[in-house]
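# Fold and contact review
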Amino acid sequence: MASPVKVLDTFGSGFVHRALAALRLKGVPYELIQEDMSNKSELLLKHNPIHKKVPVLLHGDRAVCESLVIVEYIDEAFNGPPLLPADPYERAMARFWAQFIDQKFAGPFWMSFWSTDDESRQGIMMEAKQNLLLLEAQLQGKRFFGGDSIGLVDIAGSALAHWLGVFQEISGVALLTDDEYPVLCQWAKCYTDDETVKQCLPKRDELVAYFTANKERYKILANAMLQK
Amino acid sequence: MAGGNGELKLVGEWASPFVTRVKLLLHIKGLSYEYVEEDLRNKSELLLSSNPVHKSVPVLIHDGKPICESQIILQYIDEVYASTGPSLLPADPYERAVARFWTAYIDDKIATPWDRLFRAKTDEERAEAMKQLFTAVEALEGGFKESSKGKDFFGGDSVGYLDIIVGSLVSWVKATSVLAGAELINAAKMPLLAAWMERFCELDAAKAILQDVDALVEHGRMLMAKNAARASK
């Protein structure tokens, strides 16, 4: 009997979604354990003592942390359609763009949406837009970054597909628009419409409500990030 | 451009521990390559065209195709040259995840304060960065325990992925210890890692590739002086 798979989760997390998308694409059943991040459980602190964050994947007695590490683990530990290409050079390219998304999009996008320092924000937004252009160029007429099916880079970029629209609506800041990024916007639609992946995407209206409620806190966080 | 003949070219910079990683692996695998030393203050056409996104080293160019980012390069070499020399990443997916986890930890939680240490403009900034760096490094003792499972190396009986990742930092560890006036890998607090470091330095690859510590101390002093001077202008 295969070991059970559990994922430590918290509502609205794009990082948790990455793990769940990978599990669903591989056809691996899992159980969600909800965490209250303002009151972290013993289980979370035991299995992710270094970062104390979600997602954590529990597979039998193994604990895997860090969303992209989890996605590669899922790809390697379970059978099912591969999330990375077979060719080593193509694999290197997939890992490169997944890492690019991780490095270039989280912080700068956060600051673009929430920071109230308009001058600094302009510079950051310009950089964010340039990076979106680089990403758009990678799609090159493909349905997904992974080709015909969803792969590592699509999963890494899932927050762009689903969460970005929510942040744009709440903050009034437009980064990813149809006019400027037609290919990326089309990709976003393909990702969020995908039968497998959409089962683990949080409902859009719930995300809007959740992030709207926490808006003031994000502004403080974003301004603090700008100071660094 | 000639293709398909397996030509390897590495674009690097002598002080960079990320470049050291790739050199260590190429040495262990017994692979020959052309090395191009970059002046990062005056980046070459080769570097800018082969790494337009980050414009950084290392870049491995294999049959004219560039691969960037040290961890990605290591995995690429390990996969393409799987039948040449020892394998770097373990076969087991969980052990691979452990290796990748600690690599991400090092490249984020350790590299960030380390970088800040040399870019610090004031004594206070430097002291704070030093404190964060020392704290972040201490967690590696646990990483070694988890990965080595009581054996000599992160990779177990023989050198593996994390040995290269951490090993590439050894000359910088020693140089930073000189500059800080305190051992970054303190044998009392981190006995396993301290013992591992001695063992690592005995390896042929380490002797051939690791930078001269005095040269790095000199380099570190220069970086610190440059950034402090900028602040007082």
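Placed above this text is the structure.
The following refers to the structure shown. Just so it is clear, the structure is predicted and the values come from calculations on it, not from any experiment. Throughout, a residue's number is its position along its own chain's written sequence, starting from 1. Whichever chain is written first is A, and whichever ligand is written first is 1; the rest continue in order. This being a predicted model, a pLDDT of at least 70 is required before a residue's local features are given, and a value of 80 or more before pairs of side-chain atoms are given or counted; all residues contribute to the totals for chains, interfaces and linings. Processing note: side-chain calculations cover all non-hydrogen atoms of the structure and skip hydrogens and water entirely.

### Concerning the overall build of chain B
Helix and strand assignments come from DSSP, with helices taken as H or I runs of at least 4 residues and strands as E runs of at least 2, each series counted from the N terminus. A tally of helices and strands in chain B yields 10 helices and 4 strands. The secondary structure elements of chain B, listed N-terminal to C-terminal, are β-α-β-α-β-β-α-α-α-α-α-α-α-α. A principal-axis box enclosing the C-alpha atoms of chain B has dimensions of 55 × 45 × 30 Å. For this analysis, residues touch if any pair of their heavy atoms sits within 4.5 Å. Contacts spanning at least 24 positions in sequence make up 68% of the contacts within chain B whose residues lie at least 6 apart. The method behind every accessible area is Shrake-Rupley, applied with a 1.4 Å probe, and residues are considered shielded solely by the protein chains displayed. Summing over all exposed atoms, chain B offers an accessible surface of approximately 10,700 Å²; the carbon and sulfur share of this is 52%. For the purpose of counting charges, residues Lys and Arg are taken to be positive, whereas Asp and Glu are taken to be negative. His and the chain ends are not included. For charged residues, the charge sits on one atom: NZ in Lys, CZ in Arg, CG in Asp, CD in Glu. For chain B, the centre of its 27 positive side-chain charges and the centre of its 33 negative side-chain charges are spaced 4 Å apart.

### Details of empty space enclosed by the protein
Residue and element names in this part refer to chain B. Both cavities and pockets are sets of points on a 1 Å grid over the protein atoms alone; in a cavity a 1.4 Å probe fits but cannot get out, in a pocket the set is open with protein on both sides within 12 Å along at least five of seven lines, and lining residues sit with an atom within 4 Å of a point. Grid points are joined across faces, edges and corners, and a volume is the space filled by probe spheres set on the points. Under the criterion given, the structure shown has 1 cavity of 30 Å³ or more. A volume near 60 Å³ is recorded for the largest cavity. Among the secondary structure elements, those contributing two or more residues to the lining of the largest cavity are helix H4 (93-119) and helix H5 (123-148). In terms of residue class, the lining of the largest cavity is built from 9 nonpolar, no polar and no charged. We call Asp, Glu, Lys and Arg charged. Ala, Val, Leu, Ile, Met, Phe, Trp, Tyr, Cys and Pro are nonpolar, and the rest, Gly among them, are polar.

### Focus: the sheet that holds strand S3 (residues 59-62) of chain B
All names here are of chain B. Two strands qualify as a pair provided DSSP detects at least 2 bridges between them. Read from one edge of the open sheet, 4 strands run S2-S1-S3-S4, paired in mixed fashion. Two strands in the sheet have a free side with no partner beyond their single neighbour: strand S2 (34-37) and strand S4 (65-68). Averaged over all pairs of adjacent strands, the angle between strand axes in this sheet comes to 20°, irrespective of strand direction. Note: strand S1 (residues 8-12) against S3, 4 bridges, orientation antiparallel. Fitted lines through C-alpha atoms serve as axes, helices being fitted only where they are in contact, and the angles separating the N-to-C directions of these axes extend from 0 to 180 degrees.

### A look at the sheet that holds strand S1 (residues 5-9) of chain A
Residue and element names in this part refer to chain A. The 4 strands are arranged S2-S1-S3-S4 in an open sheet whose pairing can be described as mixed. A single partner strand is all that each edge strand has here, and the edge strands are strand S2 (31-34) and strand S4 (62-65). Strand-to-strand twist across the sheet, computed as the mean angle between neighbouring axes with direction ignored, equals 25°. Strand contacts of helix H1 (residues 14-26): S1, S2 and strand S3 (56-59), with the helix running at about 160° to S1, the strand carrying the most contacts.

### Comments concerning the nonpolar core
Grouped together as the largest cluster of nonpolar side chains are 153 residues, with contacts concentrated most on Trp-114 and Trp-196 of chain B. The element best represented in this core is helix H4 (residues 88-114) of chain A, accounting for 13 residues. When residues no more than four places from it in sequence are discounted, the contact partners of Trp-196 of chain B are Phe-144, Asp-152, Phe-153, Phe-154, Asp-163, Val-166, Gly-167 and Val-170 of chain B. Think of a nonpolar core as a cluster: buried Ala, Val, Leu, Ile, Met, Phe, Trp, Tyr and Cys residues, connected wherever their side-chain atoms sit within 4.5 Å. Here the term buried applies to any residue with accessible area under 20% of the maximum for its type, exposed to any over 50%, and partly exposed to those in between, with areas from a 1.4 Å probe on protein chains only.

### Points about the pattern of salt bridges
One speaks of a salt bridge when a side-chain nitrogen belonging to Lys or Arg is within 4 Å of a carboxyl oxygen belonging to Asp or Glu. Counting across every chain of the model gives 26 salt bridges over all chains. Glu-72 of chain A is the salt-bridge partner of Arg-100 of chain B, the closest N and O atoms lying 3.4 Å from each other. Here the residue Arg-100 of chain B occupies a position in helix H4, and Glu-72 of chain A occupies one in helix H3 (residues 67-77), the pair thus bridging two chains. Of the residues examined, Glu-72 of chain A reaches a relative accessible area of 9% and is grouped as buried. With a closest N to O distance of 2.8 Å, Arg-96 of chain B and Glu-76 of chain A form a salt bridge. Within this pair, whereas Arg-96 of chain B is found in helix H4, its partner Glu-76 of chain A is found in helix H3, the two belonging to separate chains.

### Structural notes on the side chain of His-162 of chain A
Residues and elements named next belong to chain A. Within the fold, His-162 resides in helix H7 (residues 158-171). Among the residues examined, His-162 registers a relative accessible area of 11% and is labelled buried. Dropping the residues within four chain positions of it, His-162 is found in contact with Thr-192, Leu-201, Pro-202, Arg-204 and Leu-207.

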